[in-house]
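Given next are the chains, with one letter for each unit.
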Amino acid sequence: MRLFVAALTLAYVMPTYSILRRFAATRDDLTLTGLKVDGSAAASPAVAKGLAAALGSTWTSGDLQLTASLAIKFPGRCRLDLSSVESSRSLTVATSNGKRRAEGPEFAAAQVALDQLCALFAVKSGGEGETRALIERHLATLKVDTKQVSHGRFMGQLGFIIGARADGSPQYWVYRDRVPPDRFLPARVRFTDERGAWDVRFIDFTSASVGDWVPRVVEVYRGDELQLRLTALASDTRADLDSTKF
């Protein structure tokens, strides 16, 4: 009987509305007004040479190691700064409720990382259903078919895939918690734009440094090539972000 119940549970595919509603509720319950996350960044060899030159850093082989700083002011304002310890130059990408801004050398993977982080983790509202609707609109801009939902497994964890399963289709992957309450945290976003095919992966929501406010690790792939890895090392929920330019 237990095996039968377990099989039925695994066979049940929850509709997109319910998945997004539960995740949206966890964002609306946050008491945070701002969040500052400091950590590291690694740019892949494919982009390291040009990026190192633009930032006044040296590079010979392997990943280019950088410092990273993410600022979030709820709702919808985010900024990511990447810099090298070897110079005072930096790269900044920011978004304020969908309006982008950039300073320094162009690095598409950084903008892609911030766009997805901000759209999914900086959402918050006091109105019933508003946060869920914002996420739905974001997925629509990525052309994710939210009418299609199936089971999937990512990083060894069972969850859901929203979108068509065909190769190259835009998709939104969601972790399903093994124990209640189900938070349905984002696992990855796959989409294609004028810059290429992107796969943004959100890894580890159990870190003491950031909990489930944001993922501890974000990886950005263009095609099959890892271009950027962001790793959170420390966070501050009381940081003064009033003077931060988003």
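Residues numbered from 1 in each chain as written. Predicted model: local features only at pLDDT ≥ 70, side-chain atom pairs only at ≥ 80, totals over all residues. Heavy atoms only, no water.

1. Things to note about the overall build of the chain
Secondary structure assignment for the chain yields five helices and 12 strands. Computed over its C-alpha atoms, the radius of gyration of the chain comes to 18 Å, within 12% of the 18 Å expected for a compact globule of 246 residues. The C-alpha extent of the chain, read off along each of the three principal axes, is 65 × 40 × 30 Å. The buried share among the 246 residues of the chain stands at 50%. Accessible surface for the chain amounts to roughly 12300 Å². Of this, 52% is attributable to carbon and sulfur atoms. Within the chain, one finds 32 positive and 27 negative side-chain charges whose respective centroids are separated by 3 Å. (Helix = DSSP H or I, 4+ residues; strand = E, 2+ residues; numbered from the N terminus. Rg over C-alpha atoms; globule rule 2.2 N^0.38 Å. Buried < 20%, exposed > 50% of the residue type's maximum accessible area, 1.4 Å probe, protein only. Areas by Shrake-Rupley, 256 points an atom, 1.4 Å probe, with all protein chains shown as cover. Lys, Arg positive; Asp, Glu negative; His and termini not counted. Charge placed at Lys NZ, Arg CZ, Asp CG, Glu CD.)

2. Some words on the side chain of Lys73
Checked against the element boundaries, Lys73 lands in strand E2 (residues 64–73). Given a relative accessible area of 18%, Lys73 falls into the buried group. Reaching out from Lys73, the side chain makes a polar contact with the side chain of Asp242 at a distance of 3.0 Å. When near neighbours in sequence (up to four residues on either side) are disregarded, Lys73 contacts Thr33, Gly34, Leu241, Asp242 and Phe246. (Polar contact = N/O pair within 3.5 Å; in protein donor to acceptor, adjacent residues only side chain to side chain. Contact = heavy atoms within 4.5 Å.)

3. Brief notes about the state of the cysteines
Using the criterion set out here, one finds one disulfide in the structure. The disulfide partner of Cys78 is Cys118, and the gap between their sulfur atoms is 2.0 Å. Sign of the S-S torsion, about 85° for the bond between Cys78 and Cys118, identifies this disulfide as right-handed. Taken as a pair, Cys78 in strand E3 (residues 77–83) and Cys118 in helix H4 (residues 108–121) lie far apart in primary sequence, 40 residues in all. Cys118 gets classed as buried once you look at its relative accessible area, which sits at 6%. (Disulfide = S-S within 2.5 Å.)

4. Brief notes about the confidence of the model for the chain
Any residue range with low pLDDT should be treated as having predicted coordinates unsuitable for detailed reading. Averaged over every residue, the pLDDT of the chain is 92; the share at 70 or more is 94%. Confidence over residues 1–10 falls short of pLDDT 50; this stretch has two contacts with residues more than four positions distant or in other chains. (pLDDT = per-residue confidence, 0-100.)

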